[in-house]
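Results of the structural survey
Listed below, chain by chain, are the residues.
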Amino acid sequence: MAKRVLSWCRPPLQKQVAAITEYLHNQSRGTTMGIENPFNVDAALVSEHELAQLTPHGGAAIRAFCGLDGSATDWEERGVCVLKARKGFGKTHLLAARSRNHRSSSTATHTIFYPQGGRQRILFDALSSLHVVVPRWLQGREAASAWIYIWQLSVLGLLVWITESRSATLRGYADWFGSLESLDQIQKLNNSGTAAGGQPSVMLTWFMGRILERMPVDDYTLGMDQLKQGLYHGNSDWAIAITASIASRDKTRIVMYLDAPDELVELNPPNLWRNVQQGLLLAVWKFSKSSIWSHVLNIYASVRSEAFGSGQDHPDIALAMGLVMPLAYSRDDLEAMLNDRIKQADASQLTLPLQEGQKPVYALCGFSDVTHDNRDAHDGGRYTEDVFDSILRHTRFVPREVIGIGGAIYAILGVRSFETVRDAVNTKASSDIAYAITHSFLGWIDAQHGRFAASLPKEVIDRKTMGELAAKFGQDGPRMIKFFVQHGLVGIAEPLPHRHRHYYLQRFAFDEVHGNEDASSVNKDYFFLHPAFKQWILSLPEQLTQSFERLQIGVIGNLKPYEAKPPHVRLGVVREQITLKLRTSRRMSTTEKGADSDPLKFLYVVLWACRELKQTRINLSELREVWAKLRGIERIKAALDVSLPSRVDSLALKVRDWAKKINQDKDIRKLQQILRGTRSTPTGNKKQRPGTPIHPFISVTARSNMGAQVEVWLPHLPLNELDWDEAMYSLAGFGNK
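The notes below deal with the structure included here. The structure displayed is predicted, hence computed values, not measured ones.

What about the packing of aromatic side chains?
- What the rule picks out here adds up to 32 aromatic pairs.
- Look at F441 and W444: their rings are 6.3 Å apart centre to centre, the planes differ by 35°, and that puts the pair in the tilted class.
- Given a relative accessible area of 1%, F441 falls into the buried group.
- Residue classification places W444 among the buried residues on the basis of a relative accessible area of 10%.
- Put simply, the rings of F441, W444, F452, F473, F483, F484, F533 and W536 touch in pairs and so form one group of aromatic residues.
- Between the NZ or CZ atom of R166 and the centre of the ring of W161, over which it lies, the distance is 5.3 Å.
- Lying over the aromatic face of Y503, R499 brings its terminal NZ or CZ to 4.2 Å of the ring centre.

Have a look at this one:
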């Protein structure tokens, strides 16, 4: 497989961007071409036939929810019934998959499904805007309980409708939803909509709208009393009519699939947006606990994770979480989702033919690895990564973003090359952030958050610089930083105790709770700009007159390493040779030292033993043990081949000789002077300034009668300034710990 496929037939960037923009515009309009457009990111527009070709990916819990376990699925078992995740995380796809499989199961003949649909089955109710004015008293933080009642009453009103249980004697029903004559007219309109196989014209949101229209404008107490009275009728007279109708149809259960309650109201103000979704979850929970409805009604729904955990949750939310499954995907899950779409694409539009054993993403792009000409690896050379890992770094681990980037690559005009793929990924990643600002980020204010984003000067920002930027926003500064951290736009540096002191792991809060800016610390050494967020920032007009500093070593990405500076000493391996890299000099290797490499091998083993055992003194027994262990690593076995004396006193003499030669090495002397803060003596001048002795880098205890307890000592090297390189770290198996 080619590492890179370069093409000099690259279309102009403007034409490239135009093609991608047109593709994204078609996506937003819901343009679908069946199997010809497998990268459609809106699951609500996927046909049932297409759904069958796109198997849900995830763990065992997702498979069980979707009914992918075949006969093992108990469709009437009570369990997870609400999916919780961020926007674009596949909630709609999973609901549709479950609904499709449920409607094809053996229990379907005894089940009334909502929505029902016509010739073409409608798998879920895609809840849309309410199109009514929400009374002011329902928009406050304290109104969550009222929304529970609204959801319950709306569902019960709908159940009367779909079971055709309404009558003139049904107490309270007409008060909420109108006269029987008007309802009959709506029923005819509803039937005409389903006859054509489309979405019924009257859905659950119609009932919610009627309820809201009958609510008082400002009177909380009166509104709650009205809702409670309506629920009294719903759980008595209406319940009797509904259950009788179910029995008369030889049915045993009603199952409802509800999606996208976050679309019912605008994202801001956030209190109303949260209350609507918390109300739905709690309504489902109350139905599941009700002696009237628990054996008759099952509701499956989705909610946005940002609506919960903000410190403003309804008191009963914790009790309802047993019904909730938060969605999470591994790297392999996300890659499998993209690969499925590529397999459904027109093979003639792929760069390379699909082959058994080859990743489909390689066929899409035309290369397997990405080599960054402007970024170095930590151990030297150009930074290289798998092409899918490069794609994934430009997403917030959201399935919609991963698939969307795949679609942007698929839409490239002409031959795909490293450069055109990079442009497509960057353009789509930037547009994803712009979309998320409008549709996902609770509380985003352009005058504040947009201005703060435009002021960020580089990919990696140290604590001091970030503090100075935040200070420009006064008391809102710390909350501003937390906002970007908690939305996964800015990552934080987490120290790794088992690596050197300047080594960090980048962490982005892709699965964290959003909106609770007081719940996390921003007392971090470094901050990182997400690659997609960086691309969005660079697209801002303000950036035309500002400089922006990029990271030169390594890349930005979740769980990627970041090294603020190299350690004083790094133990490494190049091919079959061991290497020692000092911060003050070039890399030394056994190949370079040749026949005189024994002292280097000795130093390598001593340093390894000190780092692994976490101590600066190593006796001869420990030295032998570690040396034997390292020679057990096949790749470096020959490089550490030294004939060690069997007698302890002879070994002690050999160790002293090696230590003397190490301390005389000019590069080691330069390092030890830095460690001790002494100045180097000019070449040829044997005189030293009084009081500034050159302390040895490595010492050996003077008493030879200590036998095996003779110690090798590193008096001045801090253990947190000693580390392995990435190749050696992985070779020794530390990466699996």
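Some words on the sheet that holds strand β17 (residues 617–619)
- Reading across the sheet, the three strands line up as β17-β19-β18 and stay open at both edges, with antiparallel pairing between neighbours. The open sheet terminates on both sides in strands that have one partner only, identified here as β17 and β18 (699–700).
- Pairing between β18 and strand β19 (residues 711–713): two bridges, direction antiparallel. Across the sheet, S699 pairs through a bridge with W713, a residue of β19.

Some details on the environment of A241
- Secondary-structure assignment places A241 in helix α9 (residues 220–248).
- For the pair A241 and V160, spaced 81 residues apart in the sequence, the C-alpha separation amounts to 7.5 Å.
- Once residues lying within four places of it in the same chain are set aside, the contact partners of A241 are S165 and L170.

Re the layout of surface pockets
- Taken as a whole, the largest pocket encloses approximately 1100 Å³ of empty space.
- Around the largest pocket, the lining comprises 50 residues; the ones closest to its centre are V41, D42, G88, R400 and Y435.
- Counting residues per element, the ones that place at least two in the lining of the largest pocket are α1 (13–29), α4 (91–103), β5 (297–304), α12 (331–344), α15 (399–410) and α16 (418–439).
- For the lining of the largest pocket, the leading source of residues is α16, giving six residues.
- A class-by-class count of the residues in the lining of the largest pocket yields 22 nonpolar, 15 polar and 13 charged.
- Reported here for the second largest pocket is a volume of approximately 720 Å³.
- What lines the second largest pocket is a set of 33 residues, and nearest its centre among them are H394, R422, N426, K534 and Q535.
- Of all the elements in the fold, those that place two or more residues in the lining of the second largest pocket are α1, β7 (369–376), α14 (387–393), α16 and α20 (531–538).
- It is α16 that provides the largest number of residues to the lining of the second largest pocket, a total of nine residues.
- Of the residues in the lining of the second largest pocket, the class split is 13 nonpolar, ten polar and ten charged.

What about the packing of helix α5 (residues 144–162) against helix α8 (residues 204–213)?
- Relative to each other, α5 and α8 sit at 125°, their axes nearing to 9 Å. In this view, α5 runs oblique relative to α8, as classed from their interaxial angle. Between α5 and α8 the crossing geometry is right-handed. Contacts from W147, I150, W151, L153, S154, V155, G157, L158 and W161 of α5 reach α8 at L204, W206, F207, M208, I211 and L212.
- Of the residues contributing to the contact of α5 with α8, the split by class is 13 nonpolar, two polar and no charged.

A word on the pairing of strand β4 (residues 253–259)
- Counting buried positions along β4 yields seven of seven residues, so the element is predominantly enclosed.
- Because side chains alternate across β4, one face comprises the buried residues R253, V255, Y257 and D259, and the other comprises I254, M256 and L258, equally buried.
- Of the pairings in the sheet, the one linking strand β2 (residues 111–114) to β4 comprises four bridges and is parallel in character. Note that in β4 the partner of T111 across the bridge is R253.

Details of α15
- An ideal rise of 1.5 Å per residue puts 16 Å on twelve residues; α15 measures up with 16 Å between its terminal C-alpha atoms.
- Taking burial as the measure, the twelve residues of α15 include eleven buried ones, the bulk of the element.
- Listed as buried for α15 are P399, E401, V402, I403, G404, I405, G406, G407, A408, I409 and Y410.

Some remarks on the nonpolar core
- Membership of the largest hydrophobic core comes to 134 residues, with the highest contact counts inside it found for L138, W147, L159 and M256.
- The greatest single-element share of this core, amounting to 13 residues, is contributed by α5.
- In this structure W147 touches L130, V134, L138, M208, L212, L272, N275, V276 and G279, once residues within four positions along its chain are discounted.
- Residues V606, V642, V655 and L675 belong to the second largest nonpolar core, which totals 48 residues.

Quick look at the packing of α5 against helix α10 (residues 270–289)
- Across the interface, α5 lies against α10 with an axial gap of 7 Å and an inter-helix angle of 55°. In terms of orientation, α5 and α10 fall into the oblique class. Read as a crossing pair, α5 and α10 show a hand that is right-handed. Within the contact between the two elements, α5 uses A144, W147, I148, W151, Q152, V155 and L156 and α10 uses L272, N275, V276, G279, L280, L282, A283, K286 and F287.

Here is what the cut-offs are and how they apply
- Throughout this description, residue numbers start from 1 for each chain and increase along the sequence as written.
- Owing to the predicted nature of the model, reporting of local features is limited to residues with pLDDT of at least 70; listing and counting of side-chain atom pairs is limited to 80 or more, with chain, interface and lining totals taken over all residues.
- Only hydrogens and water are set aside; all other atoms, that is, all heavy atoms of the structure, feed into the side-chain values.
- In summary, the pairing rule links any two rings of Phe, Tyr or Trp, Trp by its six-membered ring, whose centres are within 6.5 Å, and it sorts them by plane angle into stacked for under 30 degrees, edge-to-face for over 60 and tilted for everything else.
- Three labels apply to residues, based on accessible area from a 1.4 Å probe with only protein chains included: buried if under 20% of the type maximum, exposed if over 50%, partly exposed otherwise in between.
- Only lysine NZ and arginine CZ atoms are considered, and such an atom sits over a ring when it is within 6 Å of the ring centre and within 35 degrees of the ring normal.
- Two strands make a pair as long as DSSP finds a minimum of two bridges between them.
- Numbered from the N terminus, helices here are DSSP runs of H or I no shorter than four residues, and strands are runs of E no shorter than two.
- Residues count as neighbours in contact if any of their non-hydrogen atoms are within 4.5 Å of one another.
- Site definitions follow a grid-based scheme: protein atoms alone, a 1 Å grid, a 1.4 Å probe that fits but cannot get out for cavities, and for pockets an open set with protein on both sides within 12 Å along at least five of seven lines, plus lining residues having an atom within 4 Å of a point.
- Grid points are joined across faces, edges and corners, and a volume is the space filled by probe spheres set on the points.
- Each residue gets one label: Ala, Val, Leu, Ile, Met, Phe, Trp, Tyr, Cys and Pro are nonpolar, Asp, Glu, Lys and Arg are charged, and the others, such as Gly, are polar.
- Each axis is a line fitted through C-alpha atoms, and for a helix only the stretch in contact is used; angles between axes span 0 to 180 degrees, taken between their N-to-C directions.
- For classification, angles of less than 35 degrees are called roughly parallel, those exceeding 145 degrees roughly antiparallel, those between 65 and 115 degrees roughly perpendicular, and all remaining angles oblique.
- Should the near helix be turned anticlockwise from the far one by less than a right angle, the crossing is termed left-handed; should it be turned clockwise, right-handed.
- Each residue after the first adds 1.5 Å to the expected span of a helix.
- Take the buried Ala, Val, Leu, Ile, Met, Phe, Trp, Tyr and Cys residues and link them wherever side-chain atoms come within 4.5 Å; each set so joined is a nonpolar core.

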